[in-house]
Amino acid sequence: MPATPAVPNGKRPTLADVASRAGVSTALVSIVMRGAKGAGQATRERVLQAAREIGYRPDARARLLRSHRSHLLGVQFGLQHPFHSDLVEGIYAAAEPAGYQIALSAVAAGRGEQRAVETLLDDRCEALILLGPQAPAARLAELAGQLPVVSVARRLRPSVPGLDVVRTADDEGAGQAVDHLVALGHRDIAHIDGGRAPGAADRRRGYRTAMNRHGLGELIRILPGGLTEEEGAEAARTLSATRPRPTAVLAFNDRCATGVLDLFLRSGVAVPGDISVVGFDDSHLARLAHIDLTTVGQDIARLAGLAVGRAVARLEGAEIPAGEQVITPRLVVRGTSAPPR
């Protein structure tokens, strides 16, 4: 059993508290905590044991603020996007081995992108990684003129000077979904659109191109949708009342597809018996056993690794031009797609 912490009034333990506990000077404790030379092995062990006993943890953020650099990468993400959560996990995995820490700032219903970015700048982040930003190109150019900025999961036309872009070939992914459904025997395939969301225009174009390629141009059907379960359910409600009803549907993303599945379940429409459903992203939502969603997978580890790699390269002084890196998606077949009846 560790000894009772020797810190009064529940205050956060300090170096002085550790020194008192270990019976050494504060300077020696500082040497041990920094991993610097100047302390023997036995002393190091005694100091570290004392730190554990009183619950001392070094204040990494304060140490960074005292240095000339913060080694912080700021990440803006959408709070309600499962795909963004997966990307954040990948960014952590890529940043820590490179010697960088992550500061997160969420975009939510009552908190816009501008506020999210301002918080990261106030935290002295050295570079920004923006997940699916919807800010105007002029605003992104302004940010890129201040510090390295990487946009993830959004195509920018024309390219923004100084801005790095890492994204999936969304049009190709939508085409893979249509090819899969056509190979199963489907012809009447609808698409639930993502509106103005990043990637929506490319997925819409990829759907149209693939349908035309298969000679199904007259069956193209695009329904208003969006990013959320509610918007997917609303589109599915329209599909349920349509006659003839399509035999397959490609949803904008996995959240939208989940809303489609929920509405069909409540309406007695069997999936994939009556209609096949395909999502996009292969977020952790799609992998849940009771959802088991066929979807277009984005290579999360590679997207995150490229985003971190480009930000770090710029911070370390690499002479590389800003540009776009496009990753090929892959179809993940699960239980919501099957041949039509």
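Not measured: the values here are computed from a predicted model. (Residues numbered from 1 in each chain as written. Predicted model: local features only at pLDDT ≥ 70, side-chain atom pairs only at ≥ 80, totals over all residues. Heavy atoms only, no water.)

A. Local environment of the packing of helix α2 (residues 26-34) against helix α3 (residues 41-54). The N-to-C vectors of α2 and α3 enclose an angle of 90°; their axes lie 10 Å apart at closest approach. As far as their axial angle goes, α3 and α2 are roughly perpendicular. Of the residues in α3, those touching α2 at L28, V29, I31, V32 and M33 are T43, R44, V47, L48 and A51. Broken down by class, the residue content of the contact of α2 with α3 amounts to eight nonpolar, one polar and one charged. (Axes fitted to C-alpha atoms, helices over the stretch in contact; angles between N-to-C directions. Helix = DSSP H or I, 4+ residues; strand = E, 2+ residues; numbered from the N terminus. Parallel < 35°, antiparallel > 145°, perpendicular 65-115°, else oblique. Contact = heavy atoms within 4.5 Å. Nonpolar A, V, L, I, M, F, W, Y, C, P; charged D, E, K, R; others polar.)

B. Structural detail: the nonpolar core. Core analysis: the biggest nonpolar cluster contains 26 residues, and L73, I91, I129, L131 and V152 have the highest contact counts within it. The biggest single contributor to this core is helix α12 (residues 300-315), with seven residues. Excluding its chain neighbours within four sequence positions, the residues that come into contact with I129 are L73, G74, V75, Q76, I91, V150, V152, A307 and V308. Of all hydrophobic cores here, the second largest spans 22 residues; its members include A233, A235, C256 and A286. (Core = buried A, V, L, I, M, F, W, Y, C linked by side-chain atoms within 4.5 Å. Buried < 20%, exposed > 50% of the residue type's maximum accessible area, 1.4 Å probe, protein only.)

C. Looking closely at the side chain of T228. Here T228 shows up in the loop between β7 (221-223) and α10 (229-240). Polar side-chain contacts of T228 include one of 3.4 Å to the side chain of E230. (Polar contact = N/O pair within 3.5 Å; in protein donor to acceptor, adjacent residues only side chain to side chain.)

D. Focus on the sheet that holds strand β11 (residues 324-327). Read from one edge of the open sheet, six strands run β2-β1-β3-β4-β5-β11, paired in parallel fashion. Every interior strand has two partners, whereas the edge strands, β2 (101-107) and β11, have only one. Between one strand axis and the next, the sheet turns through 15° on average, direction left out of account. Here strand β1 (residues 72-78) runs beside strand β3 (residues 127-131); their pairing, made up of four bridges, is parallel. (Pairing = 2+ DSSP bridges.)

E. Geometry of the pattern of salt bridges. Here the structure, examined in full by the defined rule, presents 24 salt bridges. Between R221 and D188 there is a salt bridge, with the nearest N and O atoms lying 3.2 Å from each other. Here D188 lies in the loop between α8 (170-184) and β6 (189-192) and R221 lies in strand β7, a separation of 33 residues in the sequence. With a closest N to O distance of 2.9 Å, D282 and R334 form a salt bridge. Highlighted residues: D282 in the loop between β9 (276-281) and β10 (294-297) and R334 in the segment after β12 (330-332), separated in sequence by 52 residues. (Salt bridge = Lys/Arg side-chain N within 4 Å of Asp/Glu carboxyl O.)

F. Structural view of unusual backbone geometry. Of the consecutive residues R243 and P244, the connecting peptide bond is found in the cis state with omega at -5°. Examined against the element boundaries, P244 turns out to sit in the loop between α10 and β8 (248-250). The omega torsion across V271 and P272 is 5°, close enough to zero to call that bond cis. Relative to the helices and strands, P272 is located in the loop between α11 (254-267) and β9. Positioned with a positive phi, H71 is a non-glycine residue whose angle comes to about 55°. Residue classification places H71 among the partly exposed residues on the basis of a relative accessible area of 26%. Of note, D281 is a non-glycine position whose phi angle comes to about 125°, a positive value. Among the secondary structure elements, D281 is positioned in strand β9.

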